[in-house]
Amino acid sequence: SCNQSSTTEDTETAADTQFLSAPLISHMYTADPSAHVFDGKIYIYPSHDVMSEVEEDDSGAHFNMRDYHVFSMDDINSVPVDHGRVLDVDDIPWAKRQLWAPDAAHKDGKYYLYFPAKDYDNIFRLGVAVSDSPTGPFTPQPEPMKGSYSIDPAVFQDGNDYYIYWGGIWGGQLQKWRTGEYLSTGDSPYDDEPADDEPAISPMVAKLSADMLEFGENPRPILIKDKNGDPIKAGDHERRFFEAAWVHKYNNTYYFSYSTGDTHKIVYATGDSPYGPFTYQGVILNPVQGWTNHHSIVEVDGKWYIFYHDTELSGQTYLRNVKMTELTHNPDGTIQTIDPILS
Ligand code: FUB
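Residues numbered from 1 in each chain as written. Predicted model: local features only at pLDDT ≥ 70, side-chain atom pairs only at ≥ 80, totals over all residues. Heavy atoms only, no water.

### Some points on the environment of Glu 143
- Topologically, Glu 143 is positioned in the loop between strand 10 (139-140) and strand 11 (154-158).
- Along the primary structure Glu 143 and Pro 221 are separated by 78 residues, whereas in three dimensions their C-alpha atoms are 24 Å apart. (Helix = DSSP H or I, 4+ residues; strand = E, 2+ residues; numbered from the N terminus.)

Encoded structure:
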């Protein structure tokens, strides 16, 4: 039912490509892996890519995912175990389609799955689903998080506080919320961006409420600056935020990492507070095979790892497979750049 003919060329290229790491999961397509250690065990919360009847367009409609699976690993070298479907779009009253990149958090014996989906007005919102187990199944809240919009929620725990980061431009619609309301000046997903010499659109952050189900404060925009202290500009596509926010803490510094979208890199910026501002530092992961690049960074037994995806198994941008490799912080706190494709 799905037209794959346009990918012949991609597939031929893939055959000669030497990859840094192998797919972790190959019985289904998975992407956007959010990895965590909960109670000493590794869990992966990825998107579940599927063949779609929906035609490819600039807003990513062909990323038409319908459910989530959770995976666990006994240690970093073990094969992930698939715990099956833990949440389905048909069980989420407000969600119509496109279950994009999720994340999970653990507090007081409960597990929370955060996810974006389009509502019945075709507006992306963020939802939460709850379970007593890290492997689900997860019961969704009947409504999206109040005041939520756009995509790619990522939750970072700092002591007793939990912060949710989110946002994605173009198909992720963040550029349509610059006034605080959903405002679309045209049909193209590229409309509504700032001019090239204006500050780039900011990703967002809010502390979560004590019950983990809502924003616990008014969301704040995150400022990403260059080393001169000037905001990264909208026209600076090599460095400006596109989607896939992630935060980790190393030696008391907060690392905010993200995808640059149309330049296909995972880059990072550092700061002294979970709210930012963050100063741009450099590239963590060079472009992978496939258009999207989306990662998570996690510490396991004293070593750091980046989970990411590419399209080695399918050669198609919307049918991805999760991978993982070690990540190295240098003594000065910078991160060594990883090349996912060996030359
Ligand atoms: O997987 C769907 C979308 O593609 C994610 O939400 C984005 O980050 C990109 O990876």
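### What to know about the side chain of Lys 265
- The topology assignment puts Lys 265 in the loop between strand 17 (253-259) and strand 18 (266-271).
- Engagement of the side chain of Lys 265 in a polar contact is seen with the side chain of Glu 238, the distance being 2.3 Å.
- Once residues within four sequence positions are removed from consideration, Lys 265 is found in contact with Glu 238, Tyr 258, Ser 259, Thr 260, Val 283, Leu 285, Asn 286, Pro 287 and Asn 293. (Polar contact = N/O pair within 3.5 Å; in protein donor to acceptor, adjacent residues only side chain to side chain. Contact = heavy atoms within 4.5 Å.)

### Digging into the nonpolar core
- Counting 44 residues, the largest nonpolar core has Tyr 114, Ile 164, Tyr 165 and Phe 256 as the members making the most contacts within it.
- Looking at which element gives the most residues to this core, the answer is strand 12 (residues 161-166), with five residues.
- The contact partners of Ile 164, leaving out residues within four places of it in the chain, are Tyr 114, Leu 126, Met 145, Pro 153, Ala 154, Val 155, Met 204, Val 205, Ala 206, Leu 208 and Phe 215.
- Judged by nonpolar contacts, the second largest core, of 19 residues, contains Ile 92, Ala 104, Leu 113 and Phe 115. (Core = buried A, V, L, I, M, F, W, Y, C linked by side-chain atoms within 4.5 Å. Buried < 20%, exposed > 50% of the residue type's maximum accessible area, 1.4 Å probe, protein only.)

### Remarks on the site of the ligand
- All residues adjacent to the ligand are Asp 32, Ser 47, Met 65, Trp 100, Ala 101, Asp 152, Glu 243, Thr 292, His 294 and Arg 320.
- Within the side chain of His 294, one N or O atom sits 2.6 Å away from an oxygen atom of the ligand.
- For the ligand, whose unbound accessible area comes to 280 Å², protein coverage reaches 99%.
- Residue composition of the shell around the ligand, grouped by class: three nonpolar, three polar and four charged. (Near = heavy atom within 4 Å. Areas by Shrake-Rupley, 256 points an atom, 1.4 Å probe, with all protein chains shown as cover. Nonpolar A, V, L, I, M, F, W, Y, C, P; charged D, E, K, R; others polar.)

### Observations regarding empty space enclosed by the protein
- Under the definition given, this model contains one cavity of 30 Å³ or more.
- If you add up the space inside the largest cavity, you get close to 30 Å³. (1 Å grid on protein atoms, 1.4 Å probe; cavity = no way out; pocket = protein on both sides within 12 Å on 5 of 7 lines; lining within 4 Å. Points joined across faces, edges and corners; volume = space filled by probe spheres on them.)

### Some thoughts on the environment of Asp 191
- Looking at the element boundaries, Asp 191 is found in the loop between strand 12 and strand 13 (204-207).
- For Asp 191, a relative accessible area of 26% corresponds to the partly exposed category.
- Remark: the alpha-carbon pair of Asp 191 and Lys 176, spanning 15 residues in sequence, is separated by 8.1 Å.

### A few points about the pairing of strand 12
- A large share of strand 12 lies buried, amounting to five of its six residues.
- Pairing of strand 11 with strand 12, which is carried by five bridges, proceeds in the antiparallel orientation. Its bridge partner being in strand 12, Ala 154 is matched across the sheet by Tyr 165.
- With antiparallel pairing between neighbouring strands as the criterion, strand 11 and strand 12 make up a hairpin whose turn holds two residues, including Gly 159 at a positive phi of roughly 65°.
- Pairing of strand 12 with strand 13, which is carried by four bridges, proceeds in the antiparallel orientation. Across the sheet, Tyr 163 pairs through a bridge with Lys 207, a residue of strand 13. (Pairing = 2+ DSSP bridges.)

### Quick look at the packing of aromatic side chains
- Overall, the coordinates contain 23 aromatic pairs when judged by the stated rule.
- Judged by centre distance (6.3 Å) and plane angle (55°), the ring pair of Phe 38 and Tyr 45 falls under tilted. With respect to burial, Phe 38 and Tyr 45 carry one shared label: buried.
- With a centroid separation of 6.1 Å and an interplanar angle of 80°, the aromatic rings of Phe 63 and Trp 100 are classed as edge-to-face. With Phe 63 in the loop between strand 3 (41-49) and strand 4 (67-73) and Trp 100 in the loop between strand 6 (95-97) and strand 7 (103-107), this residue pair connects regions lying 37 residues apart in the sequence. Residue Phe 63 shares its accessibility class with Trp 100, and that shared class is buried. (Phe/Tyr/Trp six-rings, centres within 6.5 Å; stacked < 30°, edge-to-face > 60°.)

### Observations regarding the environment of Ala 104
- Relative to the helices and strands, Ala 104 resides in strand 7.
- In the structure, Ala 104 is positioned 69 residues away from Ala 35 in sequence and 8.5 Å away in space, judged by C-alpha atoms.
- Apart from residues lying up to four places away in sequence, Ala 104 is in contact with His 36, Phe 38, Tyr 45, Tyr 112 and Leu 113.

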